[in-house]
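Notes for the structure review
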Amino acid sequence: MLSRTLTTKTLPFIFNVVDLIAVNPCQPPLKALFSTHIVGDKPVLVRDFIHSALYHPKHGYFSQRSRSVGVLDAAIKFNQLQGRKAYMKHVDKIYKQSEISWFTPVELFKPWYAHGIAEAIMRTANLSVPLKIYEIGGGSGTCAKGVMDYIMLNAPERVYNNMTYISVEISPSLAEIQKETVGQVSSHSSKFRVECRDAADRAGWEILQSLNMQKLLEVLHDALPKMSLIASDFTFLPDVKKDGSSTDYGNYLDAKGDADIFFPTDFLLLERMDHYCSGWLKMQKDKSSKQGKKRRTLTLDTSSFMEEFGLPTKTRTKDGYNPLLDDFKNTKFYLSVPTHNTK
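Here's a quick rundown of the structure. (Residues numbered from 1 in each chain as written. Predicted model: local features only at pLDDT ≥ 70, side-chain atom pairs only at ≥ 80, totals over all residues. Heavy atoms only, no water.)

**Describing the pairing of strand 7 (residues 229–234)**
The condition that has to hold: A 1.4 Å probe rolled over the protein chains alone gives each residue an accessible area, and that area as a share of the maximum for its type sets the label: buried under 20%, exposed over 50%, partly exposed in between. Secondary structure follows DSSP: runs of H or I at least 4 residues long count as helices, runs of E at least 2 residues long count as strands, and numbering of each begins at the N terminus. At least two DSSP bridges between two strands are required for those strands to pair.
Summarising burial for strand 7: six of the six residues are buried, a large majority. Across six bridges, strand 7 lies against strand 11 (residues 331–338) in antiparallel orientation. Among the inter-strand pairings, Ile 230 is bridged to a residue of strand 11, identified as Leu 335.

**Regarding the packing of helix 5 (residues 112–124) against helix 6 (residues 142–154)**
Stated precisely, the cut-off is as follows: The convention used is that axes are lines fitted to C-alpha atoms, helices contributing only their stretch in contact, and that angles between N-to-C directions extend from 0 to 180 degrees. Angles below 35 degrees are treated as roughly parallel, those above 145 as roughly antiparallel, those between 65 and 115 as roughly perpendicular, and all remaining angles as oblique. By convention the crossing between two helices is left-handed if the near helix lies anticlockwise of the far one by an angle smaller than a right angle, and right-handed if it lies clockwise. Here, two residues are considered to be in contact whenever any of their heavy atoms come within 4.5 Å of each other. Think of it as three bins: nonpolar holds Ala, Val, Leu, Ile, Met, Phe, Trp, Tyr, Cys and Pro, charged holds Asp, Glu, Lys and Arg, and polar takes everything else, Gly as well.
Contact pair helix 5 / helix 6: the axes reach a minimum separation of 8 Å and the direction vectors enclose 55 degrees. With respect to each other, helix 5 and helix 6 are oriented oblique. Considering only the axes of helix 5 and helix 6, their crossing is right-handed. Contacts from Ala 114, His 115, Ile 117, Ala 118, Glu 119, Ile 121 and Met 122 in helix 5 reach Thr 142, Cys 143, Gly 146, Val 147, Asp 149, Tyr 150, Ile 151 and Asn 154 in helix 6. When the residues that make up the contact of helix 5 with helix 6 are grouped by side-chain class, the tally is nine nonpolar, four polar and two charged.

**Re the pattern of salt bridges**
Under the convention used in this document: By salt bridge we mean one thing: a side-chain nitrogen of Lys or Arg within 4 Å of a carboxyl oxygen of Asp or Glu.
Per the stated rule, a full pass over the model turns up nine salt bridges. Residues Lys 110 and Glu 107 are paired through a salt bridge, measuring 2.8 Å at the closest nitrogen-oxygen approach. The buried category is assigned to Lys 110, whose relative accessible area is 16%. Taken together, the salt bridges that share partners define one network made up of Glu 119, Arg 123 and Glu 308.

**Some thoughts on the packing of aromatic side chains**
Here is the rule: Pairing of aromatic side chains requires ring centres within 6.5 Å, counting the rings of Phe and Tyr and the six-membered ring of Trp. Pairs whose planes differ by under 30 degrees are stacked, by over 60 edge-to-face, and all others tilted.
Throughout the structure, instances matching the rule amount to 10 aromatic pairs. Summarising the aromatic geometry, the rings of Tyr 113 and Phe 333 are spaced 5.9 Å apart at their centres and angled 40 degrees between planes, so their arrangement reads as tilted. When sorted by exposure, Tyr 113 lands in the same class as Phe 333, which is buried. Put simply, the rings of Phe 78, Tyr 87, Phe 109, Tyr 321 and Phe 328 pair up and form one aromatic cluster.

**Looking at the nonpolar core**
Note the following rule: The set of buried Ala, Val, Leu, Ile, Met, Phe, Trp, Tyr and Cys residues whose side-chain atoms join them within 4.5 Å is what this entry labels a nonpolar core.
Residues Tyr 87, Val 147, Ile 151 and Phe 305 are the most contacted members of the largest nonpolar core, which totals 50 residues. Per-element tally for this core: the top contributor is helix 5, with seven residues. Apart from the residues within four sequence positions on either side, Val 147 is in contact with Ala 114, Ile 117, Ala 118, Ile 121, Ile 133 and Tyr 165. If you look at the next biggest cluster of nonpolar residues, it comprises 13 residues, including Phe 49, Val 69, Leu 174 and Ala 255.

Structure representation (structure tokens):
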């Protein structure tokens, strides 16, 4: 959500782009954990409830659970598994041995999933200038480490030496885990940093404009109008696991700091939001300009993305079954780069 020859100076990539909540993470409403109706004399917005349930310093899911995001001790050796049955048995064993509700694709398919993203970055970035990558919501740091590993091994030496990788992470506990993960490669440490803040807070992007409760895409387009964007998310949600069994709540209001809360992404709507936040759709509506689109966009399902940018043979089992290509039908990638109409 583009041609294959896209350039830019700054390339942020975003996961779970639907979780756009511009609330001060230091002062969430504690009582919102228990009600979405009335707290005292003031109504409580659903977004405030969700924000508090996830990020409250004491009660939030990502604050109180140091292992809220699953981390595999070792990469899965797909070429040693016979096929789908063996893979499912192996993953089921991992879940039963872990306290984690679910593992992200970047974790299950490490390092190959992150390597695909890194290749996409290298093809869409202007590598003649220092590369700056923003990751929003970096989980355990597995993606960051995988991307930096790939660039270190495959990009010109000057690209790796001059790059900066910034993780914008609202959870202090996850921020520490990310630094530990990336720090496993000593040369990465000087190029990587975590900014523990709300990515949807305009003030954090060092631009001289007042805050107004803004959506993430609006903030990003204001702060980084020439950014290239790679976003990935669910198009519909799978079951989650705990001790090998599904434990979905029937209602998000029941999740009071003991479960993650997220929503599938409408990628067509995301594309329209992207064009609108770039200013192009607004100009068309106001008929104030005949200028062309400011963004070139492309949406790919995960299998198509990985076949184009990744190494899908690395996640193939003995009988040809490939869980990355065959099972993740509910995820997509959105790519967006500036056109010559972006100043």
